[in-house]
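Each chain, letter by letter, is given below.
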Amino acid sequence: MDTTPIDLGSIDVLQVLDEHANVDASRDPNYERGQLVKMHRGLVLTRSFDQRMLTMQRQGEMGTFAPNLGQEACQLGQVIPLTADDWYSPSYRSFGAQLWRGWSIERLYKLWAGYHEGFPPPPDVNDLPFSIVIGSHVLPAVGIAMGMNYRSEPNCVVVNFGDGASSQGAVAEALNYAAVNTAPVVFVCENNGWAISTPLSKQSATNNLAVRGAGFGIPSIRVDGNDILAMTMAVDEAARRARAGEGPTFIEAVTFRMSLHTTADDPTVYREQELVDPWEARCPIVRFEHYLQRNGHLSQTEIARVHEECDAEVIAARDRFRADAVARPREIFDHIYGELPPELEAQKQAYLDRLDQKGVE
Ligand SMILES: Cc1ncc(C[n+]2csc(CCOP(=O)(O)OP(=O)(O)O)c2C)c(N)n1
Ligand SMILES: [Mg+2]
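Remember, it's a predicted structure, so these values are computed and weren't measured experimentally.

Before going further, it helps to spend a moment on the packing of helix α4 (residues 105-113) against helix α12 (residues 300-324). Packing of α4 against α12 leaves a shortest axis separation of 9 Å and a crossing angle of 55°. Between α4 and α12, the crossing angle belongs to the class labelled oblique. Considering only the axes of α4 and α12, their crossing is right-handed. Every residue of α12 that contacts α4 at I105, E106, Y109, K110 and A113 is listed here: E313, V314, A317, R318, R320, F321 and D324.

Encoded structure:
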């Protein structure tokens with residue numbers, strides 16, 4: 001099992017399970033059955049949630065939503081090796097990782113439906129709220145890692161950002177600062193091929209984004225992002241290095257955005273289906289299920305049951321969300337400023353008057 005980060009010039013793709021679920025035995029981490037079953041459940045729950053959210057958005061229950069179809073392994077693998085004392089700084093597409101870290105399904109429903117109760121991370125979960133401002137959250141993640149350095153805490157921070165974000169200046173500054181100061185941070189660049197309608201080829205002259213980490217002197221590695229075992233191993237090794245005071249690692253997770261950028265997007269107007277089709281065969285969940293079956297960890301019947309149970313779990317959470325989520329339109333000015341600036345105070349008054357006129361509570 002060789003997960004040693006590789007120098008610029010020899011950056012390679014780490015893969016344990018190939019597209020046909022054949023295992024590179026020299027790299028198989030041989031996780032225990034209990035861990036493998038938990039990982040599988042996490043993948044399936046992520047997909048069930050994704051599909052339910054899309055339906056709920058189309059039925060008017062969610063404001064918007066950023067699906068992660070096909071990126072489930074990449075997302076879970078980046079947090080599976082973390083402890084509760086490590087920190088995670090997600091992007092808006094990271095709900096699979098959030099579910100694994102301890103966010104409840106109801107909290108995520110509330111978040112995407114616009115209820116402020118859904119936004120704060122749950123108590124005792126060391127996560128930041130996700131960032132929508134592309135790349136901006138990578139700098140504070142390095143800041144948290146520097147805090148660990150100053151306090152000699154043996155922990156690390158994982159921060160996740162996209163291929164598009166990797167072209168932002170803030171990300172370059174974060175990489176450089178972390179490298180120079182040996183910050184215990186794991187940069188996970190989730191290269192899903194697209195930044196909304198912009199393909200990687202239009203925003204990067206190299207299709208190997210791991211060189212962006214290596215260029216700053218950070219040990220960097222490319223990983224098959226649709227291979228849950230490879231992702232988990234790579235992040236585990238990077239987290240171990242970070243906690244041991246050996247500084248940052250840059251992981252380029254190569255995957256593909258199978259679905260919409262967000263529910264406001266229609267990819268059929270800018271990309272051909274032929275580009276998407278080959279990735280169907282690389283489905284991270286099907287691949288892992290073949291592995292589990294071949295190794296006698298789960299039967300076909302047990303796998304089907306996990307899918308049913310996860311679907312039932314997201315439906316039950318939806319029903320609790322519906323019962324609990326009561327719109328309170330009078331609060332919409334209340335959660336940003338401690339003291340409202342005068343122009344917003346005037347807007348608030350006008351808005352409240354209008355609610356009064358319409359008889360809205
Ligand atoms: C600073 C900034 N610029 C532009 C946008 C608009 N925007 C939202 S998502 C996105 C694309 C991001 O692509 P990528 O980083 O590859 O992440 P992905 O959506 O593929 O997960 C852009 C340009 C933004 N949110 N923030
Ligand atoms: Mg992208």
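Picking up after the structure, the text goes on.
On to the pattern of salt bridges, then. One pass over the full model with this rule turns up 20 salt bridges. Among the ionic contacts, a cluster of salt bridges with common partners joins E237, R240, R241 and E246.

A separate point is the coordination of the magnesium ion (ligand 2). Between any two of four tetrahedral donors, the ideal angle at the metal is 109.5 degrees; between two of six octahedral donors, it is 90 or 180 degrees. Protein coordination of the magnesium ion (ligand 2) is provided by D163 (OD), N192 (OD1) and W194 (O), with donor distances spanning 2.1 Å. Each donor residue of the magnesium ion (ligand 2) belongs to the same chain, and together they define the spacing D-x28-N-x1-W. With D163 in the loop between β3 (157-162) and α6 (169-180) and W194 in strand β5 (residues 194-195), this residue pair connects regions lying 31 residues apart in the sequence. For W194, a relative accessible area of 9% gives the class buried.

With parallel pairing, 6 strands are arranged side by side in an open sheet as β1-β7-β8-β4-β3-β2. Edge positions in the open sheet fall to β1 (13-14) and β2 (87-89), since each of these has one partner strand only. Each of β2, β3 and β4 (185-191) touches helix α5 (residues 138-150); the most contacted strand, β3, lies at about 170° to it.

Mapped onto the fold, A66 is located in the loop between α1 (33-58) and α2 (72-77). Along the chain, A66 and M53 lie 13 residues apart, while their C-alpha atoms are 9.2 Å from each other. Excluding residues that lie within four positions of it along the chain, A66 makes contacts with Y92, R93, F95, W112, H261 and T262.

Now for the pairing of β3. Taken across its 6 residues, β3 has 5 buried, putting it largely inside the fold. By the bridge criterion, 3 bridges tie β2 to β3 in an arrangement that is parallel. Bridge pairing in β3 places Y88 opposite V158. Taken together, β3, α6 and β4 form a β-α-β motif whose crossover is right-handed.

Summed over the entire model, instances satisfying the criterion amount to 13 aromatic pairs. With a centroid separation of 5.5 Å and an interplanar angle of 85°, the aromatic rings of F65 and W112 are classed as edge-to-face. Within this pair, whereas F65 is found in the loop between α1 and α2, its partner W112 is found in helix α4, the two being separated by 47 residues in sequence. Its relative accessible area of 0% is what places F65 among the buried residues. Their ring planes at 45° and their centres at 5.5 Å tell us that Y109 and F321 sit as a pair that is tilted. Note that Y109 is positioned in helix α4 and F321 in helix α12, a separation of 212 residues in sequence. Here Y109 and F321 have matching classes, each one buried. Ring pairs connect the aromatic residues F49, F65, F95, Y109, W112, Y115, F130 and F321, which therefore count as one cluster. The ring of W279 carries R282 above its face, with NZ or CZ at 4.4 Å from the centroid.

What counts and what doesn't
Residues numbered from 1 in each chain as written. Chains lettered and ligands numbered in written order. Predicted model: local features only at pLDDT ≥ 70, side-chain atom pairs only at ≥ 80, totals over all residues. Heavy atoms only, no water. Axes fitted to C-alpha atoms, helices over the stretch in contact; angles between N-to-C directions. Helix = DSSP H or I, 4+ residues; strand = E, 2+ residues; numbered from the N terminus. Parallel < 35°, antiparallel > 145°, perpendicular 65-115°, else oblique. Left-handed = near helix turned anticlockwise from the far one by under 90°. Contact = heavy atoms within 4.5 Å. Salt bridge = Lys/Arg side-chain N within 4 Å of Asp/Glu carboxyl O. Donors = N, O, S within 2.8 Å, 3.2 Å for Na, K, Ca; no water. Buried < 20%, exposed > 50% of the residue type's maximum accessible area, 1.4 Å probe, protein only. Pairing = 2+ DSSP bridges. Right-handed = clockwise from strand over helix to strand, strands pointing away. Phe/Tyr/Trp six-rings, centres within 6.5 Å; stacked < 30°, edge-to-face > 60°. Lys NZ or Arg CZ within 6 Å of the ring centre and 35° of its normal.

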